Amino acid sequence: MSRQSANVVQTGGRHGLSKVGGRPPLPRYLADVFRRREFIYSLARYRLEAENGRNRLGMGWVVLKPLLNAAVYGLVFGFLLQTSRGVEDFVAFLVIGVLMFEYFSTCFTTGAKSITSNAALVQSLSFPRMSLPLALVVQRFMQYVPMVVIMAIVAVVFGNAPDAQWLLLVPLVLLFTVFNTGLTLITARLTVHFRDLTQLLPFVARFFFYTSGIFYSIDQRFDEGSIFRAVADAQPIHEFLSLGRAVLLDGPEYAMPWHFWGYASAWSVAVLVFGTVFFWAAEERYGRTD
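The rules behind these values
- Residues numbered from 1 in each chain as written.
- Predicted model: local features only at pLDDT ≥ 70, side-chain atom pairs only at ≥ 80, totals over all residues.
- Heavy atoms only, no water.
- Core = buried A, V, L, I, M, F, W, Y, C linked by side-chain atoms within 4.5 Å.
- Buried < 20%, exposed > 50% of the residue type's maximum accessible area, 1.4 Å probe, protein only.
- Helix = DSSP H or I, 4+ residues; strand = E, 2+ residues; numbered from the N terminus.
- Contact = heavy atoms within 4.5 Å.
- Expected span 1.5 Å × (residues − 1).
- Phe/Tyr/Trp six-rings, centres within 6.5 Å; stacked < 30°, edge-to-face > 60°.
- Lys NZ or Arg CZ within 6 Å of the ring centre and 35° of its normal.

J.: Lay out the nonpolar core with the relevant residues and their values.
T.: Nonpolar side chains in soluble globular proteins tend to end up buried together. Within the largest apolar cluster, 59 residues are counted, with the highest numbers of intra-cluster contacts made by Met 100, Tyr 144 and Leu 248. Ranked by the residues each element gives to this core, the list is headed by helix H5 (residues 90-110), at 14 residues. Leave out the neighbours within four places in its chain, and Tyr 144 touches Leu 99, Met 100, Tyr 103, Met 151, Val 173 and Phe 176. Formed by 18 residues, the second largest nonpolar core is a distinct cluster that contains Leu 43, Phe 127, Met 130 and Ala 282.

J.: So, helix H12 (residues 236-248): which residues are in play, and what are the values?
T.: In a regular helix each residue adds 1.5 Å, so 13 residues correspond to 18 Å; H12 covers 19 Å between its end C-alpha atoms and thus fits that length. Of all the 13 residues making up H12, 13 are buried; the element is thus mostly covered by neighbouring parts of the structure.

J.: Could you give me a rundown of the packing of aromatic side chains, with the residues and numbers involved?
T.: For the structure shown, the criterion picks out 20 aromatic pairs. Ring geometry for Tyr 144 and Phe 176: centres 6.4 Å apart, planes at 75 degrees, overall edge-to-face. Of this pair, Tyr 144 sits in helix H7 (residues 131-157) while Phe 176 sits in helix H8 (residues 169-193); the two residues are 32 residues apart in sequence, bridging distant segments of the chain. Looking at Tyr 144, the relative accessible area reads 4%, which means it is buried. Ring pairing ties together the aromatic residues Phe 101, Phe 104, Phe 108, Phe 207, Phe 208, Phe 209, Tyr 210, Phe 215 and Tyr 216, which thus form one cluster. The ring centre of Phe 34 lies 4.2 Å from the NZ or CZ of Arg 37, which sits over that ring. Over the ring of Phe 127 we find Arg 129; its NZ or CZ atom is 4.7 Å from the centre of that ring.

Just distances and angles here, no functional claims.
Have a look at this one:
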């Protein structure tokens, strides 16, 4: 910055003017984001409606698409490849895994484009850029809530009676949302600097899909104490899926892994804190054309 430009900025600052795209201190920045909560919710709702508005079934696809995914995976992995052998309540096991993973993967992959796909908005208006990835998470959360209801219905249909433990669905969904929010903030910033990352993220999501025990039981496939079992138990997606199944399904195979609550909570808080600071640190760079 030249001396003349620096003097202009200093003069503007003395008169209460702020730099467009500037980065305020983190507490003030987060307070500004909170003041935009109605904008974040409205943007999420309108995008959800626009995403399905032109289809004949409209918002019905919010429910149908993940259910069709579960049906396809059940046919391929449960019937053709016989991965269901030894898994109690395999249909409910699979549906819970697919629907929970869908929430993670949509935040992880589409959230990465929340800044780059809104370049015109970012370059023309002054607002905290964190509002855009948060609106994406809110949109996916609104899609996920009916999925939780579907998971509960499937569990009941296949003989799992509701009990007091089902109340743990509330903190589990909130914890999963915290984790997905932090991850979305990280990928949203990274793709601003490395656009090719949007091409790689679907492969990363697919890796998690095949290693998180969605259509097979990790506990049955790998001995306790093995390296893969240890890595899987430390992997947050597997932890969330295991907790979801333990909450909704009965039987000794689905005993509650209480230690996973501690692991998942640590992952969620750490990812959210890091993602928030990481995203905020680059606030001045969003929208640049250089």
